[in-house]
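Listed here are the chains, written in short residue letters.
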Amino acid sequence: KDTTSNWVLMPMLSDSSDLTSSSLGDKLMDSLTRARELDEGSPVLFLGMDSPEVPTDEIVRGLETASSKDMPRAYMCPANDGGYGLLALPSCAPTSVFSGIRWSCALTAVSQLKAL
């Protein structure tokens, strides 16, 4: 089965994005909103551009976890620096999951997990 046949690659920023904002959380909220406009019932996967070597099986596992019929849940691949390189969100995750996150520090992944 081709797991990539339904993937849509989207730039992080849209025309409605506040380009003056330095908040990664604002940019991720905007991206999640735009992805949901394409397909409201599907999970959304964020892949960090500084994480080019995330194995394809991790991407697939993230999407499967986030789209589980029994219990859809978020899936994260933490990075060595305290952040994360992949975050898959189920269709029921609110955009507020990116509010109050401590970005660019050793506790980013922990902070994100608490928000989930």
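For the structure, check the block above.
Source: prediction; values computed, not measured.

Definitions and limits used
- Residue numbering note: each chain is counted from 1, following its sequence as written.
- With pLDDT at 70 or above as the cut-off, local features in this predicted model cover only qualifying residues; side-chain atom pairs require 80 or more to be listed or tallied, and sums for whole chains, interfaces and linings still use all residues.
- Heavy atoms from the whole structure form the basis of all side-chain values; hydrogens and water molecules are not counted.
- Only DSSP runs of H or I with at least four residues qualify as helices, and only runs of E with at least two residues qualify as strands; both kinds are numbered from the N terminus onward.
- Think of it in three bands: with a 1.4 Å probe and only protein chains considered, a residue is buried below 20% of the maximum accessible area for its type, exposed above 50%, and partly exposed in between.
- When checking whether two residues touch, look at their non-hydrogen atoms; a contact exists if any pair is within 4.5 Å.
- Residues adjacent in sequence count toward polar contacts only when both atoms are side-chain atoms; beyond that, a polar contact is any pair of N or O atoms within 3.5 Å, and within protein one must be able to donate a hydrogen and the other to accept it.
- A pair is scored as a salt bridge if a Lys or Arg side-chain nitrogen falls within 4 Å of a carboxyl oxygen belonging to Asp or Glu.
- In this analysis, strands are considered paired if DSSP registers two or more bridges between them.
- Lines fitted to the C-alpha atoms define the axes, with helices restricted to the stretch that makes contact. Angles between their N-to-C directions range from 0 to 180 degrees.

Caption draft 1: Spatial organisation of the overall build of the chain. Regarding its fold elements, the chain presents three helices and three strands. In the chain, the succession of α and β elements from N to C terminus is α-β-α-β-β-α. Among the 116 residues that make up the chain, the fraction classed as buried is 37%. Contacts in the chain between residues at least 24 apart in sequence constitute 49% of all its contacts with a sequence separation of at least 6.

Caption draft 2: A look at the environment of Arg73. Summarising the element assignment, Arg73 is placed in the loop between helix H2 (56-66) and strand E2 (75-78). Taking the C-alpha atoms as reference points, Arg73 and Leu89, separated by 16 residues in sequence, lie 6.8 Å from one another. Residue contacts for Arg73: discarding those within four places in its chain leaves Thr65, Ala66, Ala88 and Pro90. A distance of 3.3 Å separates the side chain of Arg73 from the backbone oxygen of Met71, its partner in a polar contact.

Caption draft 3: Region of the structure containing the pattern of salt bridges. The full count for this structure, using the stated rule, is two salt bridges. Residue Asp30 is joined to Arg34 by a salt bridge in which the shortest nitrogen-to-oxygen separation is 3.2 Å. Here the residue Asp30 and the residue Arg34 both occupy positions in helix H1 (residues 24-38), the gap between them amounting to four residues, near one helical turn. The two residues Asp30 and Arg34 agree in class, both being buried. Glu58 is the partner of Arg61 in a salt bridge, and the nearest nitrogen-oxygen pair spans 2.6 Å. Within this pair, Arg61 and its partner Glu58 are both found in helix H2, separated by three residues, close to a single helical turn. With relative accessibility at 35%, the residue Arg61 sits in the partly exposed group.

Caption draft 4: Quick peek at the sheet that holds E2. If you trace the three strands from one edge of the open sheet to the other, you get E1-E3-E2, paired in antiparallel fashion. The sheet is open, and its two edges are formed by strand E1 (44-47) and E2, each paired on a single side. This sheet shows a mean twist of 5 degrees between the axes of neighbouring strands, independent of strand direction. The sheet contacts of helix H3 (residues 108-115) involve E2 and strand E3 (84-89), and relative to E3 the element is tilted by about 10 degrees.

Caption draft 5: Geometry of unusual backbone geometry. Positive phi outside glycine occurs at Ser104, with the angle close to 55 degrees. Structurally, Ser104 is set in the loop between E3 and H3.

Just geometry here; none of it tells us what the structure is for.
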